[in-house]
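# Structural description and commentary
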2 protein chains.
Amino acid sequence: MSSFGEPIDGIRVDANALLGWTADIIRRLRTPDDVAQDVAEVLVAADLRGIASHGTFRLPVYASLAEAGVIATTARPSRDGGTPVLSRWDAADGWGPHAGRVLMDDAIERALDLGLAASLARRASHFGIAGWYSIRAASRGLIGMTMTNASPLVAPTRSRKRLLGTNPIAVAAPAGRFGTFVLDMATSAVTWGRVLVADRRGQEVEPGVAIDEEGWSSTVPSRVLTSGALLPLGGTEATAGYKGYGLAMLVDVLTGVLAGANFGTRVVPFSTTAGPSNLGQLFLAIDPALAGDDGFETRMEALCEELVNAPLAPDAPGPVLIPGQPEAQLEAERRRDGIPFEPTDVEALVRLGERLRAPFPEPMPGPGSSAATGSTQPLAQEAR
Amino acid sequence: MSSFGEPIDGIRVDANALLGWTADIIRRLRTPDDVAQDVAEVLVAADLRGIASHGTFRLPVYASLAEAGVIATTARPSRDGGTPVLSRWDAADGWGPHAGRVLMDDAIERALDLGLAASLARRASHFGIAGWYSIRAASRGLIGMTMTNASPLVAPTRSRKRLLGTNPIAVAAPAGRFGTFVLDMATSAVTWGRVLVADRRGQEVEPGVAIDEEGWSSTVPSRVLTSGALLPLGGTEATAGYKGYGLAMLVDVLTGVLAGANFGTRVVPFSTTAGPSNLGQLFLAIDPALAGDDGFETRMEALCEELVNAPLAPDAPGPVLIPGQPEAQLEAERRRDGIPFEPTDVEALVRLGERLRAPFPEPMPGPGSSAATGSTQPLAQEAR
């Protein structure tokens, strides 16, 4: 099993070189140029923002899905219903990041006219980090909201069975001199990736975030991974885990159920070639300038100002952070210093490059002494 | 301090009698008939659904706010900006439940035409349970979403200071034979009301849901109440409390910041007559029938079916519940058996009735042996 965590001692690859190589790999899987570019942008964005579990590390799996025909590499999304405010699209099992980019861009354009607009996708594929699409809206001065359902890994409160996905919610909004507010969170207590990393490293997971096969709370990663489940955000019933369960269900309702896609246990897991996932996805954009009151970003700055200057708890490891701030800082560092990879992951990517006749980029020279600083991201939302 | 919890040994009042009396009290505070009716409906709905903290128990406070002119009793909301999809309203510091009802109804009517529509309020007052407005949309076959900001009680992750409200999110959707999916949740780990109840009863609160003045985790209600704070959903940083912090901030962004109302620490607490709260509120409605795929409720039933029949964890106190299910069951019981009140709360309401010359309804006769069953609501979201 490969890495989902922050590499401890890896090599570093230049972000632009990685972007070009990734697009090349996707193209060589019989994907049109512009579609391949979207896929590469979203995957490398995950690497830049420290969400390795959703980055180029996944390329070997994507390649096998494309080669098996589970991802329809030449498919493009088309509108097939809804209204001018809430359009519904058939993503035709194509590349998730391309359909997602098209649907969010369409929602953005309509929101600039209507004040608020949304796109719904059915037959959608895994689209990487949900935050990317919301950030795209924020970069145009809008509020963006993105949701997707996912294959079941989370047990609803009181159950021991995986019935819901880690169904993320991502919202971004421009925040003036504070950059961009980005909340990109799985609705589970922790991500599957965190359990995988703990397993690799021989560590335990926090109590109250996962259960074993029988439904007992478990801190042993292997028990969770084989036939246990994640608990929803909030943990057990005593600590309000039913709120996280409600949020996970809410995302399924607003995506799979609303769009007429798969939902609940019907969602086919990402990593199998059994068939397309047929995910449901929602992309929503709001134009604050049309909402009725000027000065949205000035007010965002005032709110952020109050938060980052808040008096700290005695055990705080640092100042209060604005959601998205640590990821943005990491992205700036990695654009400068390169993206770190664990050796085993690089090996898999090198082999993929050899097979598809696109050599993996040369690592960046030097020991990368500044690399270590990049791994401090206490509030980084590792996503799903 | 009065009750926020489930009465242990109280009297019972007929729901219709309570509704009529409440409307009468609001009218006697110089409120137009139709506005008073809205206020009564929302407050009694909270009592019926077991969210006593937001019910008629609060009437003495509402009366003092109205009499001090902090609530403008004759004010009506008016559109003052936005677009046909996202309208912005000036709620003019009037009664919250009236403005909320008008704004959600307006969003519903537009959503039936547009597929999706929203209303934003500034200068809004406390509106009771957020779920009521979303349920109103669901009763028309739509998905409803309601958010409001609130006065600061929650410390953002790493801080020891109350900077954000318990900022609730309420979403409701029709679910066929399963009734209505209703997620109505504060974005804090627990409600202020739960801490108050624990204090009254000499109990502690769960570890990791609140902090004391210095910012240390505390289970002692009095320390939390005097100068501590609630923690966001998820609890501490180790158990992903930053997600709850992000959700609380998200609600503030989509309400106070977006609508041009107060936000963060600017929100005036509900219980003071220092001035209007100037809350921001969002009401959003989606028509599934216009979203592009038929059979929304059939799919909701399939999802609910899978959840309620899920295999249970060994420590589960009962079957998996659909969010909103325990509250709906309680409402049915209380429409039949009456609404329980603690004696001290009834005394305050009786005095209010005497002062405003509207006698509080006579309690229902009999010991109310079925009363005890109504207090079992393990998943009831006690709201803010």
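Refer to the structure presented above.
Described in the following lines is the structure provided in the data block. In this text, all values refer to a predicted model and were calculated from it rather than measured experimentally.

For chain A, the helix and strand inventory stands at 11 helices and 11 strands. Radius of gyration (C-alpha) of chain A: 20 Å, near the 21 Å computed for a compact globule of 384 residues. Overall, the C-alpha framework of chain A stretches about 55 × 55 × 45 Å when taken along its three principal axes. Relative to its full complement of 384 residues, chain A shows a buried share of 65%. Taking the contacts inside chain A whose residues are at least 6 apart along the sequence as the reference set, 69% of them involve residues at least 24 apart.

A few words on the relation of the copies chain B and chain A. Screw-axis analysis of chain B against chain A gives a translation of 0.0 Å along the axis, an RMSD of 0.0 Å, and a rotation angle of 180°. Viewed as a symmetry operation, the transformation between the two copies matches a two-fold axis. No C-alpha of chain B lies nearer the rotation axis than that of Gly-234 of chain B, which sits 2.2 Å from it. With an isologous cut-off of 70% or more, the 100% of interface residues of chain B that recur at the interface of chain A puts this contact in the isologous class.

Another point: the nonpolar core. One finds Leu-247 and Met-249 of chain A to be the most contacted residues of the largest nonpolar core, which totals 88 residues. Among all residues touching Met-249 of chain A, those that are not within four sequence positions of it are Leu-164 of chain A together with Phe-181, Leu-303, Cys-304, Leu-307, Ile-322 and Pro-323 of chain B.

The next thing to look at is the sheet that holds strand E4 (residues 116-124) of chain B. Residue and element names in this part refer to chain B. Pairing is mixed in the open sheet, where seven strands are placed in the order E2-E3-E4-E10-E5-E6-E7. Each end of this open sheet is capped by a strand with a single partner; those strands are strand E2 (78-82) and strand E7 (180-185). The mean angle between the axes of side-by-side strands here comes to 15°, regardless of whether they run parallel or antiparallel. Relative to E4, strand E3 (residues 86-90) is paired through five bridges, and the arrangement is parallel.

Counting from both sides, the interface comprises 91 residues of chain B and, opposite them, 91 residues of chain A. For the pair chain B and chain A, the summed buried area comes to about 7700 Å², and 71% of that belongs to carbon and sulfur atoms. A per-residue breakdown of the area chain B buries against chain A is headed by Arg-158, Tyr-242 and Lys-243 of chain B, which together make up 11% of the total. Scanning the region where chain B abuts chain A turns up four salt bridges. A salt bridge links Arg-266 of chain A to Glu-306 of chain B; the nearest nitrogen and oxygen atoms lie 3.8 Å apart. In this assembly, chain B and chain A are joined by 27 residue pairs in polar contact (both at pLDDT 80 or more). If you tally residues by element for the side of chain B that touches chain A, the top one is helix H8 (residues 241-259) of chain B, at 14 residues.

A few words now on unusual backbone geometry. Residue and element names in this part refer to chain A. Of note in this structure, Ala-240 is not a glycine but carries a positive phi near 75°. Among the structural elements, Ala-240 can be located in the loop between strand E9 (229-230) and helix H8 (241-259). By relative accessible area, Ala-240 is classed as buried at 0%. Phi angles above zero are rare outside glycine, and Arg-357 is one such case at about 60°. Counting through the fold element by element, Arg-357 comes out in the segment after helix H11 (343-355).

As enumerated under the stated definition, the model contains 16 aromatic pairs over all chains in all. An aromatic cluster is present here, built from Phe-127, Trp-132, Tyr-133 and Phe-283 of chain A joined pairwise through their rings.

Residues and elements named next belong to chain A. Taken as a whole and assessed by the stated rule, the structure comprises 52 salt bridges over all chains. Between Asp-34 and Arg-76 there is a salt bridge, and its shortest N-O distance comes to 2.8 Å. With a gap of 42 residues between them, Asp-34 in helix H2 (residues 33-48) and Arg-76 in the loop between helix H3 (59-67) and strand E2 (78-82) connect regions that are remote in the sequence. Salt-bridge contacts for Arg-335 lead to Glu-331; the nearest nitrogen and oxygen are separated by 2.9 Å. Taken together, the residues span about one helical turn, with Arg-335 and Glu-331 both in helix H10 (residues 325-337) at a distance of four residues.

Okay, the sheet that holds strand E4 (residues 116-124) of chain A next. In space, the seven strands of this open sheet follow the order E2-E3-E4-E10-E5-E6-E7 (chain A), with mixed pairing throughout. Taken across any chain shown, the strands that pair with only one partner, and hence form the sheet edges, are E2 and strand E7 (180-185) of chain A. Going from strand to strand, the sheet's axes swing by 15° on average, the running direction of each strand aside. Inspection of the sheet shows E4 of chain A paired to strand E10 (residues 279-286) of chain A by seven bridges, in the antiparallel sense. Note on E10 of chain A: the bridge partner recorded for Ala-117 of chain A is Ala-285 of chain A. Sitting on the sheet, H8 of chain B touches strand E5 (143-148), strand E6 (169-174), E7 and E10 of chain A, and the angle it makes with E7 of chain A is about 135°.

Turning our eyes to something else, we now look at the side chain of Ser-134 of chain B. Positionally, Ser-134 of chain B belongs in helix H5 (residues 131-138). The contacts of Ser-134 of chain B, once residues within four sequence positions are left out, are Met-104, Gly-144, Met-145, Thr-146, Ala-170, Val-171 and Ala-172 of chain B.

Turning our eyes to something else, we now look at H8 of chain A. All names here are of chain A. For H8, built from 19 residues, the straight-helix expectation of 27 Å at 1.5 Å per residue is met to within 8% by its first-to-last C-alpha distance of 27 Å. The largest bend in H8 is about 35°, located at Val-253. With 19 of 19 residues buried, H8 is to be regarded as a mostly interior element. Gly-260 sits one or two positions beyond H8 and adopts a positive phi of about 75°.

What follows concerns the packing of H3 of chain A against H11 of chain A. When two helices pack together, their arrangement is captured by the angle between the axes and the distance separating the axes. All names here are of chain A. Two elements in contact, H3 and H11, have axes separated by 9 Å at closest approach and are oriented at 35°. Where H3 approaches H11, its residues Leu-59, Pro-60, Ala-63 and Glu-67 are matched on the opposing element by Ala-348, Leu-349, Leu-352 and Arg-355. Along the lines of polarity and charge, the residues of the contact of H3 with H11 split into six nonpolar, no polar and two charged.

What follows deals with the pairing of E2 of chain A. Within a regular strand, side chains alternate between the sheet's two faces. All names here are of chain A. Pairing analysis gives four bridges linking E2 to strand E3 (residues 86-90), with the strands arranged antiparallel. Counterpart to Arg-79 in the pairing with E3 is Trp-89. Hairpin connection of E2 to E3: three residues between the antiparallel strands.

On to the packing of helix H4 (residues 96-114) of chain A against helix H5 (residues 131-138) of chain A, then. Residue and element names in this part refer to chain A. H5 packs onto H4 with a crossing angle of 30° between their chain directions and a minimal axis gap of 10 Å. In terms of axis orientation, H4 runs roughly parallel to H5. When the axes of H4 and H5 are compared, the crossing they make is right-handed. On the side of H4, the interface is formed by Gly-96, Pro-97, Gly-100, Arg-101, Met-104, Asp-105 and Ile-108, while H5 contributes Trp-132, Tyr-133, Ser-134, Arg-136 and Ala-137. A breakdown of the residues in the contact of H4 with H5 according to their chemical character gives six nonpolar, three polar and three charged.

In this section: the pairing of E5 of chain A. Residue and element names in this part refer to chain A. Within E5, six of the six residues are buried, leaving the element largely enclosed by the surrounding structure. Side chains of E5 alternate between two faces, with Ile-143, Met-145 and Met-147 and Gly-144, Thr-146 and Thr-148 buried alike. Pairing analysis gives six bridges linking E5 to E10, with the strands arranged antiparallel. Counted as the bridge partner of Gly-144 is Ala-285 from E10. The pairing of E5 with E6 spans four bridges and is classified as antiparallel. Within E6, the position partnered with Gly-144 by the bridge is Ala-172.

Residues and elements named next belong to chain A. Position of Thr-298 among the secondary structure elements: in helix H9 (residues 296-308). Of the residues examined, Thr-298 reaches a relative accessible area of 54% and is grouped as exposed. Along the sequence, Thr-298 and Glu-333 sit 35 residues apart, while their C-alpha atoms lie 27 Å from each other.

Cut-offs and rules
- Residues numbered from 1 in each chain as written.
- Chains lettered and ligands numbered in written order.
- Predicted model: local features only at pLDDT ≥ 70, side-chain atom pairs only at ≥ 80, totals over all residues.
- Heavy atoms only, no water.
- Helix = DSSP H or I, 4+ residues; strand = E, 2+ residues; numbered from the N terminus.
- Rg over C-alpha atoms; globule rule 2.2 N^0.38 Å.
- Buried < 20%, exposed > 50% of the residue type's maximum accessible area, 1.4 Å probe, protein only.
- Contact = heavy atoms within 4.5 Å.
- Least-squares fit on C-alpha atoms with pLDDT ≥ 70 in both.
- Core = buried A, V, L, I, M, F, W, Y, C linked by side-chain atoms within 4.5 Å.
- Pairing = 2+ DSSP bridges.
- Axes fitted to C-alpha atoms, helices over the stretch in contact; angles between N-to-C directions.
- Buried area = accessible area lost by both parts, 1.4 Å probe.
- Salt bridge = Lys/Arg side-chain N within 4 Å of Asp/Glu carboxyl O.
- Polar contact = N/O pair within 3.5 Å; in protein donor to acceptor, adjacent residues only side chain to side chain.
- Phe/Tyr/Trp six-rings, centres within 6.5 Å; stacked < 30°, edge-to-face > 60°.
- Expected span 1.5 Å × (residues − 1).
- Bend = angle between axes of the 7 residues up to and from the residue.
- Nonpolar A, V, L, I, M, F, W, Y, C, P; charged D, E, K, R; others polar.
- Parallel < 35°, antiparallel > 145°, perpendicular 65-115°, else oblique.
- Left-handed = near helix turned anticlockwise from the far one by under 90°.

Note that all results are geometric; they support no functional claim without further evidence.
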